[in-house]
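# Observations on the three-dimensional arrangement
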Amino acid sequence: MHLAYPAVLAALLFCTGLYGVLARRNAILVLMSVELMLNAVNLNLVAFDVWLSRAAEETLHSGQALTLFTIAIAAAEIGIGLAIVLAVYRTRGTSDIDRLRDTAEGHESDNPDTDDDTDAAGTGPGTEKAEAAA
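This one's a predicted model, so the numbers in the text were calculated from it and none came from an experiment.

Parameters at a glance
Residues numbered from 1 in each chain as written. Predicted model: local features only at pLDDT ≥ 70, side-chain atom pairs only at ≥ 80, totals over all residues. Heavy atoms only, no water. Phe/Tyr/Trp six-rings, centres within 6.5 Å; stacked < 30°, edge-to-face > 60°. Helix = DSSP H or I, 4+ residues; strand = E, 2+ residues; numbered from the N terminus. Buried < 20%, exposed > 50% of the residue type's maximum accessible area, 1.4 Å probe, protein only. Expected span 1.5 Å × (residues − 1). Arc of directions from axis to C-beta. Contact = heavy atoms within 4.5 Å. Salt bridge = Lys/Arg side-chain N within 4 Å of Asp/Glu carboxyl O. Axes fitted to C-alpha atoms, helices over the stretch in contact; angles between N-to-C directions. Parallel < 35°, antiparallel > 145°, perpendicular 65-115°, else oblique. Left-handed = near helix turned anticlockwise from the far one by under 90°. Nonpolar A, V, L, I, M, F, W, Y, C, P; charged D, E, K, R; others polar. pLDDT = per-residue confidence, 0-100. Patch = residues over 30% accessible without salt bridge, like charges linked within 9 Å, V, L, I, M, F, W, Y side chains within 5 Å. Areas by Shrake-Rupley, 256 points an atom, 1.4 Å probe, with all protein chains shown as cover.

### Focus: the packing of aromatic side chains
In the structure shown here, the tally under the stated rule is one aromatic pair. Geometrically, the ring pair formed by Phe-48 and Trp-51 is edge-to-face, given 6.2 Å between the ring centres and 85 degrees between the ring planes. With Phe-48 and Trp-51 both in helix 2 (residues 27–55) and three residues apart, this pair spans about one turn of that helix. Residue class for Trp-51 comes out partly exposed when judged on its relative accessible area of 45%.

### Focus: helix 1 (residues 4–23)
The terminal C-alpha atoms of helix 1 lie 28 Å apart, and with 20 residues this matches the ideal 28 Å at 1.5 Å per residue to within 8%. Within helix 1, burial applies to Pro-6, Ala-10, Gly-17 and Gly-20. Along the axis of helix 1, the buried residues cluster in a sector spanning 85 degrees; they form a single face. Those residues of helix 1 that are exposed and angled more than 90 degrees off the buried face are Val-8, Leu-12, Tyr-19 and Leu-22. Against the buried residues of helix 1 lie helix 2.

### Focus on the pattern of salt bridges
Here the structure, examined in full by the defined rule, presents one salt bridge. Residue Arg-25 pairs with Asp-98 through a salt bridge whose shortest N-O separation is 1.9 Å. Highlighted residues: Arg-25 in the loop between helix 1 and helix 2 and Asp-98 in helix 4 (residues 97–105), separated in sequence by 73 residues. On the basis of relative accessible area, Asp-98 is assigned to the partly exposed category, the value being 25%.

### Considerations on the packing of helix 1 against helix 2
One way to put it is that helix 1 packs onto helix 2 with a least axis distance of 8 Å and a crossing angle of 160 degrees. Judged on the interaxial angle alone, helix 2 and helix 1 are roughly antiparallel. Remark: the crossing between helix 1 and helix 2 carries left-handed chirality. Note on element contacts: helix 2 touches helix 1 through Val-30, Ser-33, Val-34, Leu-36, Met-37, Ala-40, Leu-43, Asn-44 and Ala-47, opposite Pro-6, Ala-7, Leu-9, Ala-10, Leu-13, Phe-14, Thr-16, Gly-17, Leu-18, Gly-20 and Val-21. Per-class residue counts for the contact of helix 1 with helix 2 are 15 nonpolar, five polar and no charged.

### Topic: the confidence of the model for the chain
Across the chain, the average pLDDT comes to 81, with 74% of residues at or above 70. Element-level pLDDT for the chain is lowest in helix 5 (residues 127–133), with a mean of 51, against a maximum mean of 96 in helix 1.

### Overview of a nonpolar patch on the surface
On the surface, a cluster of nonpolar side chains totalling about 350 Å² of accessible area is made up of Phe-14, Leu-18, Leu-22 and Val-41. At three residues, the largest contribution of residues to the nonpolar patch is made by helix 1. Here Leu-22 is to be found in helix 1. A residue is classified by how much of its surface remains accessible, and Leu-22, at 69% relative accessible area, is exposed.

### Considerations on helix 2
Here helix 2 contains 29 residues, and its C-alpha end-to-end distance of 43 Å stays within 8% of the 42 Å for a straight helix at 1.5 Å per residue. Restricting attention to buried positions, one finds in helix 2 the residues Ala-27, Val-30, Leu-31, Ser-33, Glu-35, Met-37, Ala-40, Asn-42, Ala-47, Asp-49 and Ser-53.

And the structure:
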């Protein structure tokens, strides 16, 4: 088999994953797209290892060893990524990346009763309003 076939397949997988990372709004779909990109890299590592082992007399299989390390790192990455997504979903109620970005920038207030003028000690220009309301 020629080297071009797995290389083209890996390029298509990588481009599909890149599109998923750039176009998707759901955090879980973004993680799945990153996994597609890592699988494309794994396919290239194994394909080039097989191609180079035919040319060399010694077969070290370093591409396959690197693929095993990449799979282990990808498994850890998806575990930690899903844990983070679940924690954010529990606190914010959404896994939509655009909404998470908006709440992080302060466009939506979690508590509309508090004034932005008061500091942590409760002193400042907004305390008179809070004391008058109580």
